[in-house]
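Coordinate analysis (summary)
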Amino acid sequence: MTGARAAMQERVAELDAAHAQAVAGGGEKYVARHHARGRLLPRERIELLLDEGSAFLELSPLAGWGSDFAVGASVVTGIGVVEGVQCLITAHDPTVRGGASNPWTLRKIFRANQIAAENDLPLISLVESAGADLPTQKEIFIPGGRLFRDLTRASARRQPTIAVVFGSSTAGGAYVPGLSDHTVMVKGAAQVFLAGPPLVKMATGEDADEEALGGAEMHARVSGLADHLAEDEHDAIRIARRIVARLGREHCAAPEPATSTEYAEPEVDPETLLDVVPVDLREPFDPREVVRRVVDGPGPGNEVAFDEFKALYGTSLVTGWARLHGHPIGILANAQGVLFSEEAQKATQFIQLANSSRTPLLFLHNTTGFMVGERYEQGGIIKHGSAMINAVANSTVPHLSVLVGASYGAGNYGMNGRAFDPRFLFSWPSAKSAVMGPAQLAGVLSIVARAGAEARGQDYDEAADAAMRAMVEQQIEEQSLPFVLSGMVYDDGVIDPRDTRTVLGICLSVIALAPDPDAGSFGVFRM
Ligand code: COA
């Protein structure tokens, strides 16, 4: 076994453990209580909803990691196929604080809604939530209005919205069925009201009965909020599937899983991706070795797996054309980490070419940023880097990003980091991202502090400096790690490197069904 493999396997084991935490929801006690009430868990509901044997691309499973809230942020989100149609599904996890929404839940659902909007996916909400997490209400009440806005704007865009209510759906939660195109409620279980009996008592003095106030039967027969009354959870899921079948989305039906005759498997087994990237990012690696294990191998209509563009120019960025699950893509992959003027110019030209041919782009990150120093400043690194960022920001073809290794400084921006709205962004367990590397950042602080002491005519405390540097280095190292960044919903998930091809294949099939955006135009390029 290579050293790289052993180290990466260790990271993958940590990733599996973090995912297991998310799947465990509120823990054994609350899961057992939920099952004893005859109710299904969110992932069980999703599994029943999806077409048999189809894949589910879970998004942001580590949201909330490292915070005071449970890993997963009390909601499951992802993309799956229902009645042949790719849909964005969100499902509250009622075993975690009653499924209440905390600040991370909001971020996770906002991101899911953004993905649905950009890719024209129907939204299915599987609802059972105690509404706002009351102790953190100040962080969620004002931004939380966006949930209402997103749902109604989706409907206005003719992006169908379906709410299936399995349990409590109070206050803010009540507006999920209120604002959805289609609603299903489970008899004897769904309870949808603006205010539950205690709040009604406080507000008006009325003694209200829960079923009369917001039960499924009442909403189906009296208020009309429920379009369908389901006998039980299975019946509710059956009805939801029938609704999807009648949405008239045949034009964007998910493709049948492509057979190997349509495209060839990669030249090199993706299993060996664990061998390619050293966990110590100071060790260089050739990104072509990643590409060869991710893209389609040579086959009919794809004689060469990877056609490189400008292979001899700006060699610390590899660019070229390939196919993935039969979908054409352009790839930009960092090689030796640093981006020089040549690399920036090459990237800018390549992005323009992809826009011209309407080819989606894949960015494989391993960059420490743009080159600094007198020679490079005089060579125009700022204007060349700006041109690359301009090209990325205004490119209108769909972008996918995978943080394979380092993603530092403006290199993160030029390579289409999160702020540049790639359609999907995933990280490998080896990824690291920050404004700069930990040692560099601590060193900069030290130099600035030393200069300050000198200017004041004071002696510099070397021991305190060493301690400060060690502390800052450790802090930045921790903050740069993929679980932390994924916890903050700065990516769509940390993935096992071996799953990269499958994950990107699902993303490309989602993208392929959405309308191609207008070509648009670029900003002024500074020459
Ligand atoms: N915010 C934060 N924590 C909440 C919460 C909320 N909105 N609602 C419930 N919780 C907590 C409970 O305190 C409990 O914690 P504990 O187990 O540590 O004591 C845990 O979540 C489970 O709640 P519990 O009431 O035991 O679950 P349940 O399944 O029997 O009932 C509800 C679920 C949703 C019916 C019930 O919790 C409830 O009515 N919550 C308040 C709903 C509300 O009015 N929300 C206001 C929205 S703006």
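Residues numbered from 1 in each chain as written. Predicted model: local features only at pLDDT ≥ 70, side-chain atom pairs only at ≥ 80, totals over all residues. Heavy atoms only, no water.

1. With respect to the site of the ligand
- Taken together, 15 residues surround the ligand, and among them Tyr30, Arg33, Arg37, Ala130 and Ala132 come closest.
- In the model, an oxygen atom of the ligand is placed 2.9 Å from a nitrogen or oxygen of the arginine 33 side chain.
- Between the ligand and the protein, one listed contact pairs a nitrogen atom with a backbone N or O atom of alanine 130 at 2.8 Å.
- Coverage of the ligand by the protein amounts to 55% of the 870 Å² it exposes when considered alone.
- Those elements that place two or more of their residues in the shell around the ligand are α2 (28-36) and β5 (161-170).
- The residue makeup of the shell around the ligand, split by class, is 7 nonpolar, 4 polar and 4 charged. (Near = heavy atom within 4 Å. Polar contact = N/O pair within 3.5 Å; in protein donor to acceptor, adjacent residues only side chain to side chain. Areas by Shrake-Rupley, 256 points an atom, 1.4 Å probe, with all protein chains shown as cover. Helix = DSSP H or I, 4+ residues; strand = E, 2+ residues; numbered from the N terminus. Nonpolar A, V, L, I, M, F, W, Y, C, P; charged D, E, K, R; others polar.)

2. Quick notes on the domain arrangement of the chain
- For the chain, the domain assignment lists domain 1 (27-252), domain 2 (270-434 + 482-513) and domain 3 (438-479).
- Taking the mean C-alpha position of each, domain 1 and domain 2 sit 35 Å from one another.
- In total, domain 1 and domain 2 occlude about 1900 Å² of area from one another, counting both sides; carbon and sulfur atoms represent 60% of this.
- Our enumeration of links across domain 1 and domain 2 arrives at 1 salt bridge.
- Here aspartate 492 and arginine 111 are joined by a salt bridge, their closest N and O atoms 2.7 Å apart.
- Of all elements in the fold, only β1 (56-59) and α4 (103-118) reach the threshold of two or more residues within the side of domain 1 that touches domain 2.
- Among the elements that make up the side of domain 1 that touches domain 2, the one with the highest residue count is α4 (7 residues). (Domains from an automatic or database assignment. Buried area = accessible area lost by both parts, 1.4 Å probe. Salt bridge = Lys/Arg side-chain N within 4 Å of Asp/Glu carboxyl O.)

3. Some words on the nonpolar core
- Ranked by internal contacts, the top residues of the largest apolar core, which has 57 residues, are Leu88, Val290, Ile331, Leu364, Phe424 and Trp428.
- Residue contributions to this core peak at 7 residues, all from helix α19 (residues 500-513).
- Two domains share this core, each providing at least three of its residues, namely domain 1 (27-252) and domain 2 (270-434 + 482-513).
- With residues near it in sequence (within four places) discarded, tryptophan 428 still touches Met8, Leu273, Val277, Val290, Val402, Leu403, Val404, Pro482, Val494, Ile495, Pro497 and Thr500. (Core = buried A, V, L, I, M, F, W, Y, C linked by side-chain atoms within 4.5 Å. Buried < 20%, exposed > 50% of the residue type's maximum accessible area, 1.4 Å probe, protein only. Contact = heavy atoms within 4.5 Å.)

4. Remarks on the environment of glycine 409
- By the element assignment, glycine 409 lies in helix α15 (residues 409-414).
- Owing to a relative accessible area of 18%, glycine 409 belongs among the buried residues under this scheme.
- Distance in space between the C-alpha atoms of glycine 409 and serine 433 is 8.2 Å, their sequence separation being 24 residues.
- Residues within four places of glycine 409 in sequence aside, it is in contact with Ala434 and Val435.

5. Brief notes about the packing of aromatic side chains
- In total, this model carries 8 aromatic pairs according to the counting rule given.
- Summarising the aromatic geometry, the rings of phenylalanine 340 and tyrosine 376 are spaced 5.5 Å apart at their centres and angled 55 degrees between planes, so their arrangement reads as tilted. Here tyrosine 376 lies in helix α13 (residues 374-378) and phenylalanine 340 lies in the loop between β12 (338-339) and α12 (341-357), a separation of 36 residues in the sequence.
- Looking at phenylalanine 340, the relative accessible area reads 23%, which means it is partly exposed.
- Consider the rings of phenylalanine 522 and phenylalanine 525, whose centres lie 5.7 Å apart with planes at 35 degrees: the pair is tilted. (Phe/Tyr/Trp six-rings, centres within 6.5 Å; stacked < 30°, edge-to-face > 60°.)

6. Points about the pattern of salt bridges
- Scanning the entire structure with this criterion turns up 31 salt bridges.
- The salt bridge involving arginine 5 is made with glutamate 271; its shortest N-O contact spans 3.2 Å. Placement of arginine 5 in helix α1 (residues 3-23) and of glutamate 271 in the loop between α10 (233-245) and α11 (287-294) is noted, with a sequence separation of 266 residues between them.
- We classify glutamate 271 as partly exposed; its relative accessible area is 32%.
- Across the pair arginine 501 and glutamate 265 runs a salt bridge whose closest N-O atoms are separated by 3.6 Å. Remark: glutamate 265 occurs in the loop between α10 and α11 and arginine 501 occurs in helix α19; sequence separation between them is 236 residues.
- If you follow the salt bridges from partner to partner, you end up with Arg5, Glu271, Asp275, Asp496 and Arg498 in one network.

7. Observations regarding the pairing of strand β6 (residues 182-186)
- For β6, a buried count of 4 out of 5 residues is recorded, marking the element as mostly surrounded by other parts of the structure.
- As defined by bridge partners, β5 adjoins β6 across 4 bridges and the pair is classed as parallel. Residue alanine 163 lies in a different strand from β6, and its bridge partner there is threonine 183.
- Note: β6 against strand β8 (residues 228-230), 3 bridges, orientation parallel. By the bridge assignment, valine 186 is partnered in β8 with alanine 230. (Pairing = 2+ DSSP bridges.)

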